[in-house]
Every structure is written in structure tokens, then in C-alpha cells.
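One-letter residues, chain by chain:
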Amino acid sequence: MYKLNPRRVFVHRRVYDNPKAAARLERMLDGLGNPAFDVIDENGADEVIAAAGCREELTVQSSRVRQGIEKIDADPVFLFNTFVWEQDRMQPVTKKYANPRARSVAQAVAGMRPAYGRREQSNGLDDRPYVCQGGWSIHSINGCVHRCDYCGLGYAVNFMLDVEAFAEDLERVFREHPHQMLYRYDLSSDYPCFEPEYGASEVLGECFQRNGKYLLVYTKSNNVDHLLDLPYKEHMPCYWTVATDTQCSQIERGTPNLDERLEAMRKCQQAGYTVRAGFSPIIPHVGWREEATTALEKLFAAATPDTVRLWVVSMMTCPEAEQIFGADNLDPRMLEAMR
């Protein structure tokens, strides 16, 4: 696990109803240096929200409260939790929150059904006369410690600790959607940051291998040593988002730098994993073209990626981009086109 110092730690009382989740909690607390924590119930949402700093007056940009506005430079609040598997135990969220991170925390405290852990982007595929597969994502963590300026997943990290039950539910999904072979894990966090204490690589890797499916490990992290000796390599392709040195250090604050990410990719490829890379998002900062050339040269010197994906920063307005990145820090030609 990364060396982390969460501002506060909360444990939902339902964690103690599941012995495996409770054991996972103990491992993770030990990995964090056994910090003090508060046990909460379904009424504890506002306490977590206040500790996380998810204030109602924060600027919401394109449905997100982006970390780059406040330039937060501290680890988020941690909430240890489990899925709610019984419908009658669900608690509705009746309070209205303007802050979308506050809303997500409140929903997590009230209870999340396992469908929360899936994002199915190819609904209706079985009725179509072609075999293109949309991207399906799974997640058991919501929130991240990497502090990227464009991201809205800071402030609080919600960990679902009943990973074994999550894997069992995924097997049902596999049976219901046999055409879907690849699942991306994770767009709602960066789970390798919390391994091996969290233990998802072991549990999900075994599940995906046994069912003949593929788990795409989607990460910026260089915390990969726990992966190197796992026996599920064929079913766990590993994908790194990479970036220029300026983007890594000034915009993706708190992340491993480019060289560290490429070394992690090299180690995993050498261990037998299929590796992939993505310049995602590409942010046109001053000097980005020259730095991108260097980054590409470094990438192909370090590894032989199966694919390389390109995706430019998007899903925000130009004034939002200028506020987050600073107009003076953006390529003038790109800024003019954006405007």
C-alpha cells in the first residue's frame, strides 16, 4: 500500500457483519499504521462529509467538484464499507446535496447495491447483428489518492470490503452476459495504490481466470510488486495512463512520475503480463508536444505495449479548463482553439 495519512478514518458498522470484510479492514488499518477511527451507521453521512471538506459552496464544474480548484495537498478521508445485499436494508438518501462528492458519500453511507460496482456501456448488445463490445467497468472503491487537478474523485475514498461477495456477484453477471470478455477495473479509483492489503488482485484475478474472462488493471500506480508473482497474468492485462513530465508533476499531483510508471510497466511485462499504455488525458500545456515526443520515446524504450490509446482532456468547458490549469500554462494555439 502507498504510505498514506488519511485525514480521518470511518468504519461503517455493517463491515462487522461480514468476517472477511472485517479481516480486510484489519489488514488495511495495519497497513495505514493503525490510525484511530470512528464507527458510524446510516446516520453518519454528514460527519463524513464535513471531515472530507465536501462543502456545499464549492464550485461544481460540469457535474464535478474538481480537485484542481483548491489544489488539495492532503490525503482524503477514508470510509470502510460493504455493499448492501438485502433490499430491505437500503436506506434512502432524503437530504439534498449540491456538492456531487457529498451526494456520493451520503449514498455510500446509506448503502449501495452491487450494481453500483458495474458500469455497463453495451446494454442491448445481445440483440445487435455485430460483435463490437462496449467498455464495461467494475469498481469496488470510489475515490482516489492521486490528487489529479482534473479529477473529481478526491475528498473521500469509499472502500467496499466484501470483495469476495463482489466476485460472486460478478460470476452471475458473467453468466447473464457471456459475450462480455473484458472488464476495466477501475475508473472510480486506482486500486493498486491499496494493494496487497486490500486484496482485490488476488480475489478478482482468481475469479476472472476461473471464468475465462479478462480483468483490465487500469492504473497510474507504480505499486505493482504484489502483481509480479500472481498466477493470473494471462487474464489480467495491465494498462497505465502515462503523461508528460510536466503533467505528472504539476497537474497529476501525488502520482508516480513518468519514469516510475514506465518502470512498473516494464516489470509487469517482464513478469508475463500483457501491458498497455494510454496518454489519457492529453493536456496541451506549454511545451506539451516536445515533452510528448520524449515520453513516447521513453515508453517504447521501456516496454512493448499491446496498445497505445490517445484521449484529449474533455468533459469540461474552456473557462473551467483555464481555472483548473491556468490559461498561462496552456499552449496558446490550443487555448485559442478551445475558446
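Residues numbered from 1 in each chain as written. Predicted model: local features only at pLDDT ≥ 70, side-chain atom pairs only at ≥ 80, totals over all residues. Heavy atoms only, no water.

A. Spotlight on the pairing of strand β11 (residues 275-282). When you tally the buried positions in β11, you get 6 out of 8 residues, the bulk of the element. As paired elements, β11 and strand β12 (residues 308-312) share 4 bridges and run parallel to each other. Following the sheet pairing, alanine 277 is matched in β12 by valine 308. Taken together, β11, helix α9 (residues 288-302) and β12 constitute a β-α-β crossover, and its handedness is right-handed. (Buried < 20%, exposed > 50% of the residue type's maximum accessible area, 1.4 Å probe, protein only. Helix = DSSP H or I, 4+ residues; strand = E, 2+ residues; numbered from the N terminus. Pairing = 2+ DSSP bridges. Right-handed = clockwise from strand over helix to strand, strands pointing away.)

B. The sheet that holds strand β3 (residues 77-81), seen in detail. A sheet is described by the order of its strands in space; here 5 strands give the open sequence β2-β1-β3-β7-β6, paired in mixed fashion. Strands with a single pairing partner mark the edges of an open sheet, and in this sheet they are β2 (38-40) and β6 (141-142). Contacts from helix α4 (residues 100-110) reach β1 (9-12), β2, β3, β6 and β7 (156-160), with the element oriented near 30 degrees to β3. (Contact = heavy atoms within 4.5 Å. Axes fitted to C-alpha atoms, helices over the stretch in contact; angles between N-to-C directions.)

C. Structural context of the layout of surface pockets. Estimated volume of the largest pocket: approximately 1000 Å³. Lining the largest pocket are 38 residues; nearest its centre among them are Arg64, Cys151, Leu153, Leu187 and Met315. Elements with a minimum of two residues in the lining of the largest pocket: α4, β9 (214-219), β11 and β12. Looking at which element gives the most residues to the lining of the largest pocket, the answer is α4, with 3 residues. Its residues placed into classes, the lining of the largest pocket shows 14 nonpolar, 14 polar and 10 charged. (1 Å grid on protein atoms, 1.4 Å probe; cavity = no way out; pocket = protein on both sides within 12 Å on 5 of 7 lines; lining within 4 Å. Points joined across faces, edges and corners; volume = space filled by probe spheres on them. Nonpolar A, V, L, I, M, F, W, Y, C, P; charged D, E, K, R; others polar.)

D. Local environment of the nonpolar core. Formed by 86 residues in total, the largest nonpolar core has its most connected members in Phe78, Phe80, Phe159, Phe194, Tyr198 and Leu204. In terms of residues, this core owes the most to one element, helix α5 (residues 163-176), which gives 6 residues. The residues touching leucine 204, leaving out its near neighbours within four places in the chain, are Ile138, Phe166, Ala167, Leu170, Tyr185 and Leu215. Cys151, Met316, Cys318 and Leu335 belong to the second largest nonpolar core, which has 13 residues in total. (Core = buried A, V, L, I, M, F, W, Y, C linked by side-chain atoms within 4.5 Å.)

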